[in-house]
Amino acid sequence: MRKPVIVGNWKMNMTVSEAKNLLTELKEKNLDSEVEAGVCTPAIDLTVASNLLEGTDIGFGGQNMYFEESGAFTGEISPTMLKDIGAKYVILGHSERRDIFGEDDELINKKVLSALDHDLVPILCCGESLEEREANKQEEKVKSQLEADLKDVSEDDIKEVIIAYEPIWAIGTGKTASAEDADAMCGYIRNLIADLYSKEAADAVRIQYGGSVKPANVKELMAKENIDGALVGGASLKADDFEALVNHRK
Ligand code: PEP
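Residues numbered from 1 in each chain as written. Predicted model: local features only at pLDDT ≥ 70, side-chain atom pairs only at ≥ 80, totals over all residues. Heavy atoms only, no water.

### A look at the overall build of the protein
Stage number 1. Within the protein one finds 12 helices and 8 strands.
Stage number 2. By the compact-globule yardstick of 18 Å for 250 residues, the protein fits well, its C-alpha radius of gyration being 17 Å.
Stage number 3. In terms of principal-axis extent, the alpha carbons of the protein reach across some 45 × 45 × 35 Å.
Stage number 4. Put simply, of all contacts in the protein between residues at least 6 apart along the chain, 75% involve residues at least 24 apart.
Stage number 5. Roughly 11400 Å² of accessible area belongs to the protein as shown, and the carbon and sulfur atoms make up 47% of that amount.
Stage number 6. Of the charged side chains in the protein, 28 are positive and 47 negative; the average position of the first set lies 3 Å away from that of the second. (Helix = DSSP H or I, 4+ residues; strand = E, 2+ residues; numbered from the N terminus. Rg over C-alpha atoms; globule rule 2.2 N^0.38 Å. Contact = heavy atoms within 4.5 Å. Areas by Shrake-Rupley, 256 points an atom, 1.4 Å probe, with all protein chains shown as cover. Lys, Arg positive; Asp, Glu negative; His and termini not counted. Charge placed at Lys NZ, Arg CZ, Asp CG, Glu CD.)

Quick look at the structure:
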């Protein structure tokens, strides 16, 4: 059985003081322990997350990293640094990293391999643009991203990866893919993993949907066979909303 996993992506939000307030509120919530919960914070908030979430079931992680352990890479954060602070996850290949900062599949692949080498759980994002969806090229796009991003990832390691299917047109826009369309794409990704690896790997890998997930639509999405969780931007910034997402089964 795949454990449902809800992860907040705070993006470039939350000063240290704001992060303290939000995490203090979150800690007081009675979250469903059958659902894995995590927050991926800006790098500057990781110490706060590490201190405040210690002893709770809420994991935390980074929103990006470089693949090297240390060195002359100004402005970057390394897997060793994330691991040392107690991070569990690292989001890789988010569409904002790809589109705004020009990250390509070759770089993302190096990051995925490095995260796995350092026992971090990569939350690997993929998804099509509106133009690609309108041209019915969503499967082609996601296939090319995942084949490249997962190059040389082993059969054992793929089971640790969380794949987040995030259609770009649904991120931060308030437009959610219909639960049927989201499930169809997550099912497509699962079949792709079966082709690239094995049925066992496909059954084990967790696939999240991301794109304007909120308390009002989480139940419908999470009820779908191939959707194992959600990567959540906007709605993860309010403790009550994040609680409702994690507690979608209550
Ligand atoms: C995201 O940040 O990955 C995301 C899906 O954002 P939002 O939930 O705000 O659409």
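Right, picking up where we left off after that structure.
### Thoughts on the UniProt feature "binding site: substrate" (unreviewed entry) in the protein
Stage number 1. According to UniProt, the "binding site: substrate" (unreviewed entry) feature falls on N9, W10, K11, G172, S212, G233 and G234. The greatest C-alpha distance among the annotated residues, which extend across 226 residues, is 13.7 Å, indicating that they converge on a single site. Of the annotated positions named here, the largest pocket is lined by N9 and K11.
Stage number 2. Note that W10 resides in the loop between β1 (5-9) and α1 (16-27).
Stage number 3. Among the residues examined, W10 registers a relative accessible area of 0% and is labelled buried.
Stage number 4. In contact with W10, not counting residues within four places along its chain, are A19, L22, L23, V39, C40, T41, P42, D45, Q63, S236 and L237.
Stage number 5. Along the polypeptide, K11 turns up in the loop between β1 and α1.
Stage number 6. Those residues in contact with K11 that lie beyond four places of it in its chain are P42, Q63, H94, E96, I171 and G233. (UniProt positions renumbered as here; feature names shortened; annotations may be inferred. 1 Å grid on protein atoms, 1.4 Å probe; cavity = no way out; pocket = protein on both sides within 12 Å on 5 of 7 lines; lining within 4 Å. Buried < 20%, exposed > 50% of the residue type's maximum accessible area, 1.4 Å probe, protein only.)

### A closer look at unusual backbone geometry
Stage number 1. If you check the backbone angles, D119 has positive phi at about 60 degrees while not being a glycine.
Stage number 2. Topologically, D119 is positioned in the loop between α5 (105-117) and β5 (121-126).
Stage number 3. Of the residues examined, D119 reaches a relative accessible area of 60% and is grouped as exposed.
Stage number 4. With a phi close to 70 degrees, D152 is a non-glycine residue in the positive phi region.
Stage number 5. By the element assignment, D152 lies in the loop between α7 (138-149) and α8 (155-158).
Stage number 6. The exposed category is assigned to D152, whose relative accessible area is 61%.

### A closer look at the pattern of salt bridges
Stage number 1. A complete count under the given rule lists 19 salt bridges for this structure.
Stage number 2. Residue K29 is joined to D240 by a salt bridge in which the shortest nitrogen-to-oxygen separation is 2.6 Å. On the criterion of sequence distance, the pair formed by K29 in the loop between α1 and β2 (36-40) and D240 in helix α12 (residues 239-246) is long-range, its members being 211 residues apart.
Stage number 3. By relative accessible area, which is 21% here, K29 ends up partly exposed.
Stage number 4. Between K141 and E132 there is a salt bridge, with its nearest N and O atoms 3.2 Å apart.
Stage number 5. Relative accessible area serves as the criterion here: at 22%, K141 is assigned to the partly exposed category. (Salt bridge = Lys/Arg side-chain N within 4 Å of Asp/Glu carboxyl O.)

### Examining the layout of surface pockets
Stage number 1. Computed from the structure, the largest pocket encloses a volume of approximately 590 Å³.
Stage number 2. In this structure, the largest pocket is lined by 20 residues; those nearest its centre are M12, Q63, N64, R97 and F101.
Stage number 3. The element contributing the most residues to the lining of the largest pocket is helix α4 (residues 95-101), with 4 residues.
Stage number 4. Looking at the lining of the largest pocket residue by residue, the class counts come to 9 nonpolar, 7 polar and 4 charged. (Points joined across faces, edges and corners; volume = space filled by probe spheres on them. Nonpolar A, V, L, I, M, F, W, Y, C, P; charged D, E, K, R; others polar.)

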